[in-house]
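What the coordinates show
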Amino acid sequence: MNQDYGGEWIRLVCIAAIIVCGTLGSDSTVTGQSADPAIVHASMGPLTVHRSNPRFFSTPDGRAVWLTGSHTWATLQERGIEGETPDFDYPRYLDFMHRHGHNFLRLWVWEHAQWMQFVDADVPIRYTPSIYQRTGPGNALDGKPKFDLTKFNEAFFRRLRNRVQEAQRRGIYVSVMFFQGFSVKKRPASANSGNNWHGNPFHKANNVNGINGDRSGSDTGHDLHTLADPAVTNLQKAHVRRVIDTLNDFDNVLWEIGNELPMPSKEFQYHMIRFVREYESHKPKQHLIGMTGAPLGTKKLMGSDADWISPAGAIWMGNPPAADGEKVMVVDTDHCRALRYDPDWVWNNLTRGNHFILMDEYLDFRAGSPKTPDPKWDHTRSAMGAARRLCERLDLATLRPQSESASTGFCLADPGHTWVVFQPKARATTVQTGRGRWHVQWIDPVTGVPFGDLEAKAADGAITVTSPRSGATVLLVTKAHR
């Protein structure tokens, strides 16, 4: 993590909170907790891809939206050691997001009910409520009643609807997964690790319907997220329809086909994107569809019919490619530098036209179920909120990546009017503004609090300015009004 931000950032966070409350407090999509749900519902969406600047999302009234937020694994189903891990406090988690100024989360869906490759097989890991009812007769591999794949668990869908509704009341957008790549076998952490596939309802030993989701007999379940068995695909489509039926009336929903589905899943995901779009086309509302990477690479994501994608690879953190508008890019540390954090990454991506979300360990049981989130992550969490507030302050739809316009290479601009420049280290920055007089403001990248400004004249078409302090800064350049 970049250590150039200084020890005064906590004080600046408090100042930023005062500024936000004073300038944005009337916006129901920001304040969330005290807002009338009907007002939030009317103002949020459903989101579309912005017509004039397809790097960004858009509300129905044409306002460009930049999404950012922490997400964690237990946002929908309980996940942890049975009898030990506390139930997930969802309202507290939404408070946490609101406090940091976040507006997006991934609602993680787990298809399996037991086992995890990160812990030993004899540790009873639970994922509840399950998607399907456990009716029996007979017991599954985890010793509990077998699943009936024709009977949905109403508790799962009630919770799904409630979680999305609560997020909408806070002005938070939600990506809802249909499928989970970690519900089949992944690379084990050790020789004693559990096999997630053994807890999957589509394992032939776990259901009363005679369904075998592992036709190849590999004991991995990697056939599950393919089109190899029409009977399996039809059951999966029934699940997709039920999720859409449950949530179609909400404005804050985005669909996500699956999290890190195995390499053979490409055609399955392409097929499900088309199926979701066709099925929802007959519904009152249509929502954007996403496809996420790892192990699938960016080329395969770009070749899909998805509206938004999350690419994989560390390049998206330090020097991310600039978004060209072919797809909305939602860069997720989960697929790039999992369980890492750095506030620089937020601004690296914003200035390249990408959205940014953080895989946050929050209060996860693998971190010991701490009573409070690890404060080491707070710089990055706060930087995300600061970037979002700046986006709402500007006319985001007019801004495009312009790396060549700033000496740092990190620049989002409307040439002739506005430049947002991220300055990771060097204090002196040159911006290609064109001739004229320009107002320059320095902004703390963690808190969003301005800490200096001046007017500069560009006689030769560029200005070079030096930050009043060392370390990373954000530079906002606009036309001087005089």
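Scope of this entry: the structure provided in the associated data block.

Parameters and conventions
- Residues numbered from 1 in each chain as written.
- Predicted model: local features only at pLDDT ≥ 70, side-chain atom pairs only at ≥ 80, totals over all residues.
- Heavy atoms only, no water.
- Salt bridge = Lys/Arg side-chain N within 4 Å of Asp/Glu carboxyl O.
- Helix = DSSP H or I, 4+ residues; strand = E, 2+ residues; numbered from the N terminus.
- Buried < 20%, exposed > 50% of the residue type's maximum accessible area, 1.4 Å probe, protein only.
- Pairing = 2+ DSSP bridges.
- Disulfide = S-S within 2.5 Å.
- Core = buried A, V, L, I, M, F, W, Y, C linked by side-chain atoms within 4.5 Å.
- Contact = heavy atoms within 4.5 Å.
- Expected span 1.5 Å × (residues − 1).
- Arc of directions from axis to C-beta.

So, the pattern of salt bridges
Counting across every chain of the model gives 24 salt bridges. Glu166 serves as the salt-bridge partner of Arg169, at 2.4 Å between the closest nitrogen and oxygen. Of this pair, Arg169 and Glu166 both sit in helix H5 (residues 154-169), three residues apart, which is roughly one turn of the helix. Accessibility expressed as a relative area gives 22% for Glu166, which makes it partly exposed. A salt bridge links Arg469 to Asp444, with the nearest nitrogen and oxygen atoms 2.4 Å apart. Pair noted here: Arg469 is in the loop between strand S22 (463-466) and strand S23 (473-479) and Asp444 is in the loop between strand S20 (436-443) and strand S21 (450-458), with a separation of 25 residues, a long-range link. Here Arg469 matches Asp444 in class, with each residue buried.

A short note on the pairing of strand S17 (residues 411-414)
Pairing of strand S16 (residues 400-401) with S17, which is carried by two bridges, proceeds in the antiparallel orientation. Within S17, the residue paired with Pro401 across the bridge is Leu412. Judged from the four bridges that link them, S17 and strand S18 (residues 418-423) form a sheet pairing that is antiparallel. Bridge assignment links Leu412 to a residue of S18, and that residue is Val420. In this antiparallel pair of consecutive strands, S17 and S18, the connection spans three residues, and Gly416 shows a positive phi of 95 degrees.

So, the sheet that holds S23
As summarised here, the arrangement of the six strands in space is S16-S17-S18-S23-S20-S21, forming an open sheet in which the pairing is antiparallel. Looking at which strands have only one partner, the edges of the open sheet turn out to be S16 and S21. As paired elements, S20 and S21 share eight bridges and run antiparallel to each other. Paired with Trp442 across the two strands is Gly452, which belongs to S21.

Overview of the state of the cysteines
Counting across every chain of the model gives zero disulfides. Cys391 takes part in no disulfide bond, and the closest cysteine sulfur to it belongs to Cys411, at a distance of 13 Å. Its relative accessible area of 8% is what places Cys391 among the buried residues.

Description of the nonpolar core
One finds Val176, Trp255 and Trp347 to be the most contacted residues of the largest nonpolar core, which totals 104 residues. When residues in this core are grouped by element, the largest group, seven residues, is from helix H7 (residues 266-280). Among residues more than four places away in sequence, those in contact with Trp347 are Ala383, Ala386, Ala387, Leu390, Phe422, Pro445 and Val474. Counting 15 residues, the second largest nonpolar core, distinct from the first, contains Cys411, Val421, Val440 and Leu475.

So, H5
Its 16 residues place the ends of H5 23 Å apart at the C-alpha level, agreeing with the 22 Å of an ideal helix rising 1.5 Å per residue. For H5, the full list of buried residues reads Phe156, Phe157, Leu160, Arg163, Val164, Ala167 and Gln168. Taken around the axis of H5, the buried residues stretch over an arc of 135 degrees, which confines them to a single face. Residue Gly171 follows H5 closely and has a positive phi angle near 75 degrees.

Taken by themselves, the reported measurements are silent on function.
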